[in-house]
Amino acid sequence: MTDPTSPGPADKQPAGPGPSKSGTATAVPPEAIRAIPVRHPLRWVSAAVVLALLGLLVYAFANADIEWGDVPEYLFADRVIEAAGKTLLVTVLAMLLGVVLGIVLAIMRLSDNPVTSAFANLYIWFFRGTPVLLQLLLWYNLGLVFQTLNLGPFYKNEMTDVMTPFMAALLGLGLNEAAYMAEIVRAGIQSVDEGQTEASHALGMSQGKTMRRIVLPQAMRVIVPPTGNEFINMLKTSSLAMVIQYTELTFVATEISTTRLNPMEMYIVVAIWYLAMTSVFSVIQYYIERHYAKGSVRQLPPTPWQKIRRSVFSGPRLMGTR
Amino acid sequence: MTAMVKAEGVHKSFGPAHVLKGVDLEVAPREVFCVVGPSGSGKSTFLRCINHLEKINAGRLYVDGHLVGYRQHGNKLHELKDKEVAAQRRDIGMVFQRFNLFPHMTALENVMEAPVQVKRESKATARERAMRLLDRVGLADKAGGYPTQLSGGQQQRVAIARALAMEPKLMLFDEPTSALDPELVGEVLDVMRDLAESGMTMLVVTHEMGFAREVGDALVFMDDGAVVESGHPRDVLTNPQHQRTKTFLSKVL
Ligand SMILES: Nc1ncnc2c1ncn2[C@@H]1O[C@H](COP(=O)(O)OP(=O)(O)OP(=O)(O)O)[C@@H](O)[C@H]1O
Ligand SMILES: [Mg+2]
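Every value quoted in this text rests on a predicted model; they were computed, and no experiment measured them.

Trainee: Sorry if this is basic, but what is going on with the overall build of chain B here?
Mentor: Of the regular secondary structure elements, chain B holds nine helices and twelve strands. In terms of C-alpha radius of gyration, chain B reaches 18 Å, essentially the compact-globule figure of 18 Å for 253 residues. When the backbone C-alpha atoms are referred to their principal axes, chain B occupies close to 50 × 50 × 35 Å. Sequence separation of at least 24 residues holds for 63% of the intrachain contacts in chain B that already meet a minimum separation of 6. Positive and negative side-chain charges in chain B, numbering 32 and 32 respectively, have mean positions lying 6 Å apart.

Trainee: What is the right way to look at the environment of Val205(B) in this model?
Mentor: Residues and elements named next belong to chain B. You can see Val-205 is positioned in strand β10 (residues 201–205). Between the alpha carbons of Val-205 and Met-105 there is a distance of 27 Å; along the sequence they are 100 residues apart. Not counting residues within four places of it along the chain, the set of residues in contact with Val-205 comprises Val-35, Lys-43, Leu-47, Phe-173, Asp-174, Glu-175 and Pro-176.

Trainee: Please clarify how the UniProt feature "transmembrane region" (unreviewed entry) in chain A should be interpreted in this entry.
Mentor: As annotated by UniProt and renumbered to match this structure, "transmembrane region" (unreviewed entry) occupies residues 44–62, 88–110, 122–142 and 266–288 of chain A. Between the first and last C-alpha atoms of residues 88–110 of chain A the distance is 32 Å; the span itself is 100% helix and 0% strand.

Trainee: Explain the side chain of Thr210(A) to me, please; I cannot follow it from the model alone.
Mentor: Within the secondary structure layout, Thr210(A) lies in helix α9 (residues 207–237). Excluding its chain neighbours within four sequence positions, the residues that come into contact with Thr210(A) are Thr197(A), Ser200(A), His201(A), Met205(A) and Val215(A).

Trainee: Just checking my understanding: could you explain the sheet that holds strand β1 (residues 5–14) of chain B for this structure?
Mentor: Strand pairing in a sheet relies on backbone hydrogen bonds. The paired strands run either parallel or antiparallel. Residues and elements named next belong to chain B. The four strands lie next to each other as β2-β1-β4-β5, forming an open sheet whose pairing is antiparallel. Two strands close off the open sheet at either side, each with one partner strand: β2 (17–27) and β5 (66–67). In the sheet, β1 pairs with β2 via eight bridges, with the strands oriented antiparallel. Looking across to β2, one finds that Val-5 is bridged to Val-27. Contacts between helix α1 (residues 43–50) and the sheet are confined to β1, β2 and β4 (58–63), with β2 contributing the most and set at about 65° to the helix.

Trainee: Teacher, can you tell me more about the interface of chain A and chain B here?
Mentor: By convention, interface size is frequently given as the accessible area that disappears when the constituent parts associate. Taken together, the contact between chain A and chain B spans 22 residues of the former and 28 residues of the latter. Taken over both partners, the interface formed by chain A and chain B buries close to 2200 Å², and the fraction arising from carbon and sulfur atoms is 55%. Between chain A and chain B we count three salt bridges in total. Inspection of the chain A/chain B interface yields seven residue pairs in polar contact (both at pLDDT 80 or more). Those elements that place two or more of their residues in the side of chain A that touches chain B are α8 (194–202) and α9 of chain A.

Trainee: Even after reading the chapter, I still don't get the packing of helix α7 (residues 165–191) of chain A against α9(A), so can you show me in this structure?
Mentor: Geometry of a packed helix pair, given as the angle between the helix axes and the separation of the axes. Residues and elements named next belong to chain A. Packing of α7 against α9 brings their axes to within 8 Å, and their N-to-C directions diverge by 140°. Regarding α7 and α9, the two cross each other, and that crossing is right-handed. Contacts between α7 and α9 involve Leu-173, Glu-177, Tyr-180, Met-181, Ile-184, Val-185, Ala-187, Gly-188, Ile-189 and Ser-191 on the former and, on the latter, Met-211, Val-215, Leu-216, Ala-219, Val-222, Ile-223, Pro-226, Thr-227, Glu-230, Met-234 and Thr-237. Counted by class, the contact of α7 with α9 contains 15 nonpolar, four polar and two charged residues.

About the criteria used
Residues numbered from 1 in each chain as written. Chains lettered and ligands numbered in written order. Predicted model: local features only at pLDDT ≥ 70, side-chain atom pairs only at ≥ 80, totals over all residues. Heavy atoms only, no water. Helix = DSSP H or I, 4+ residues; strand = E, 2+ residues; numbered from the N terminus. Rg over C-alpha atoms; globule rule 2.2 N^0.38 Å. Contact = heavy atoms within 4.5 Å. Lys, Arg positive; Asp, Glu negative; His and termini not counted. Charge placed at Lys NZ, Arg CZ, Asp CG, Glu CD. UniProt positions renumbered as here; feature names shortened; annotations may be inferred. Pairing = 2+ DSSP bridges. Axes fitted to C-alpha atoms, helices over the stretch in contact; angles between N-to-C directions. Buried area = accessible area lost by both parts, 1.4 Å probe. Salt bridge = Lys/Arg side-chain N within 4 Å of Asp/Glu carboxyl O. Polar contact = N/O pair within 3.5 Å; in protein donor to acceptor, adjacent residues only side chain to side chain. Left-handed = near helix turned anticlockwise from the far one by under 90°. Nonpolar A, V, L, I, M, F, W, Y, C, P; charged D, E, K, R; others polar.

Dropping the structure here:
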């Protein structure tokens, strides 16, 4: 009755070679699967449509009335490079101001003191509730309401001398950013397990040390990705500073184009600059995120360079295994 | 001899919830003092009051003769400043159910952190002691590992080393093995047994009755925010006097 070839309980074991770990010398390596991959005809259709549309776009621009020669000519013109530097400068400094003030505001907001947390809420309410363009104009025109800036014995000057386009841009962009950063930092701080604070306090660490050494470093994992986005946004938002005569990229491009009458060419030049800067910062952001992932994942994700090396040296992959 | 821990009528409420309803107990120096009781009876809360992670609402708590969290002038109590509370906590080590290691630091950095930051020890001194402590808990080879790379039992042993690095005179354990897989419980209990033999004063909340009977010098059974029964672990565990103790023990033994 029991046919020796019929599947019995013994057949539940993998037939033939046992688990390779057991090291039985007769084991034959399992044959690699060579299956025919599933066809995806729709992928081909959509790819063709996208390529056709792209071709049309290129054709349109190639035949448009654009002096293409202007683009390389102005891409590295002194004025343009200087303007790119100013864009970068105000972005970095405003972001720095925003991050530092944002951390302070977040801690104020989470504090038990009702006055400090109310102040932080008021600040965030105002700066998030008004357009940043308006805030830039407010700072730039501050001289209309405060003729002099008087810091007692330390400093005294005409407001119009203090509130240069650069200062107004820095304050306008940085203080606005602080409101957004405060929310990002608060979310980060609140993402850290309360057990961490308790363990730190139990070891005799003070409130401040606990925040600096234990909570903030862990909050960074949550804080860094949106901060990178904020930075890239700031690179672009800084172009608004053109309305207060800050000579950054968009301002200079507009200015040059009014004499050369080549606005499209100049805007293409600055678009290339913005793209280059945002691309570089995306890469930097990746490395910073990787740094703060330390300890939260067992194995750090590979750097792009490691990925390239791995895929080059690990040999060709089988088709259809992806 | 002053008691290491002395609780007199300790009360604690969270809003309307009256969690501790007059806890009295005394832990002598070098004693291993076990606390058992059903879930929600206030064991963790009591432990957290001892190092002032929670403020008590009434009664008195002393550690090594010093009032916890307050200063007494005449019959008025003054709250201690944050700095002074932190200073009191340095002498009290605490080990948590869920380890609470700092995940962004290696095992070695976890153990070095408080001596360097709080006692302002040099890194070299702190590192040397940290290595010695990791060796003592059997983890010298894991010094460079991050907590996520360690098993639960290893994490808890690092946590014990971290608490010991401050050279406390009292160690509080809040169910140090109940988050562990059964096969990992033993390695943590071994470290605690070793610590008990070295003469450390230990206050241990635990469900490990075997450990309590074998290592404990005293044991209290807590229920509903108060001590129901106390005595030598052997006596209380084998010959409980109160009905509530009997019911509890019949469930866990
Ligand atoms: N921060 C808090 N806010 C409100 N209620 C709390 C708080 N902490 C503890 N409690 C309540 O106090 C009671 C006692 O809690 P506690 O954690 O001390 O019990 P336990 O004896 O340690 O229990 P377990 O064995 O489950 O750990 C519980 O009812 C709990 O809900
Ligand atoms: Mg508990």
